[in-house]
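Examining the three-dimensional arrangement
The primary structure of each chain is shown beneath.
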Amino acid sequence: MLKTSPATSVPSPTAATAPSGHAEGVSNDEFRAALSRLAAGVVLLTAYEPPLTPDGPPGEDSGMTATAFMSVSLDPPLVMVSLRNSSRMDDLLDDQPLWAVSVLSESQSHIAGRFAMKGRLSDRLLFQDIPYVRGEHTGAPLVGGALATLECRTENTVVAGDHTLVIGRVLSASLPSAEGGPLMYFRGRYRNLGK
């Protein structure tokens, strides 16, 4: 097998040839277009935000659609999700180490779309007509009919550019539904496996 030494690797583009936006040679549009060709599973990340004071208003459930979710380790069981810096969920998980993931099925694209909306003020209405149970370990909503659900506790966070990688230890895993295939995200749209 041929190995390329660092001295013979492809040189970095010069400033004159680099597209605007990044000195490294790739524009935001080029990067998005290339990565849109990577099919990803779709999950709903949820957490329960406890009340600020015992006699104050009740706590609130929060949720967000994520496609940057993956398994990290079997022993111990670890997963990772990527969150935009200073997003609502990023801020919440800074304070709340307990969270959950529901792996959405192909029939749950409406849930993914609902929690991917930008600029919403509250998640309370978004959860109203979605069947869910509360996680025993996290108190976070676990979506009914999901292909799998995981309850997690944050072990580590790593800031990576404009996102934070949250690594969580899996506290519980279950398979609520054996029906249907996974919901996928490919080229900017939700899709079914094989379609």
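Residues numbered from 1 in each chain as written. Predicted model: local features only at pLDDT ≥ 70, side-chain atom pairs only at ≥ 80, totals over all residues. Heavy atoms only, no water.

What about the overall build of the chain?
The number of helices and strands found in the chain is four helices and twelve strands. Taken over 195 residues, the chain has a buried fraction of 34%. Look at the contacts in the chain between residues 6 or more apart in sequence, and 62% of them connect residues 24 or more apart. Total accessible area computed for the chain in this model is approximately 12,000 Å², and 58% of it derives from carbon and sulfur atoms. (Helix = DSSP H or I, 4+ residues; strand = E, 2+ residues; numbered from the N terminus. Buried < 20%, exposed > 50% of the residue type's maximum accessible area, 1.4 Å probe, protein only. Contact = heavy atoms within 4.5 Å. Areas by Shrake-Rupley, 256 points an atom, 1.4 Å probe, with all protein chains shown as cover.)

Description of unusual backbone geometry
A cis amide bond, omega 5°, links Asp75 with the succeeding residue Pro76. Residue placement: Pro76 occurs in the loop between β4 (69–73) and β5 (78–84). Its identity is not glycine, yet Ser86 carries a phi of approximately 65°, on the positive side. Within the secondary structure, Ser86 sits in the loop between β5 and α2 (88–95). We classify Ser86 as exposed; its relative accessible area is 58%.

Points about the nonpolar core
Counting residues in hydrophobic clusters, the biggest one holds 17 residues, and the most contacted among them are Leu45, Val81, Leu83, Met89, Leu93 and Trp99. Where this core is concerned, the elements lending two or more residues are β2 (43–49), β3 (60–66), β5, α2, β6 (98–103), β9 (148–160) and β10 (163–174). In this structure, Ala112, Phe115, Leu126 and Phe127 belong to the second largest nonpolar core, which totals twelve residues. (Core = buried A, V, L, I, M, F, W, Y, C linked by side-chain atoms within 4.5 Å.)

Quick word on the packing of aromatic side chains
Counting across every chain of the model gives three aromatic pairs. Both rings, one in Phe127 and one in Tyr132, keep their centres 5.7 Å apart while their planes meet at 70°; by these two values the pair is edge-to-face. Within the aromatic cluster, the residues linked to one another by ring pairs are Phe115, Phe127 and Tyr132. (Phe/Tyr/Trp six-rings, centres within 6.5 Å; stacked < 30°, edge-to-face > 60°.)

Digging into the side chain of Thr149
Take Thr149: it is sitting in strand β9. Apart from residues lying up to four places away in sequence, Thr149 is in contact with Val101, Ser102, Leu142, Val143, Ser172, Ala173, Ser174 and Pro176.

Concerning the pattern of salt bridges
Under the defined criterion, the tally for this structure stands at six salt bridges. In this structure, Arg88 engages Glu60 in a salt bridge whose closest nitrogen and oxygen atoms are separated by 3.0 Å. A residue pair is termed long-range when its members are at least 10 positions apart, and Arg88 in helix α2 and Glu60 in strand β3 qualify at 28 residues. With a relative accessible area of 35%, Arg88 lands in the partly exposed category. By relative accessible area, Glu60 is classed as buried at 17%. Two residues, Asp129 and Arg114, come together in a salt bridge whose shortest N-O distance is 2.6 Å. One end of the pair, Asp129, is in the loop between α4 (124–127) and β7 (132–134); the other, Arg114, is in helix α3 (residues 109–115), with 15 residues separating them in the sequence. Among the residues examined, Asp129 registers a relative accessible area of 56% and is labelled exposed. The network of salt bridges with shared partners includes Glu60, Arg88 and Asp123. (Salt bridge = Lys/Arg side-chain N within 4 Å of Asp/Glu carboxyl O.)

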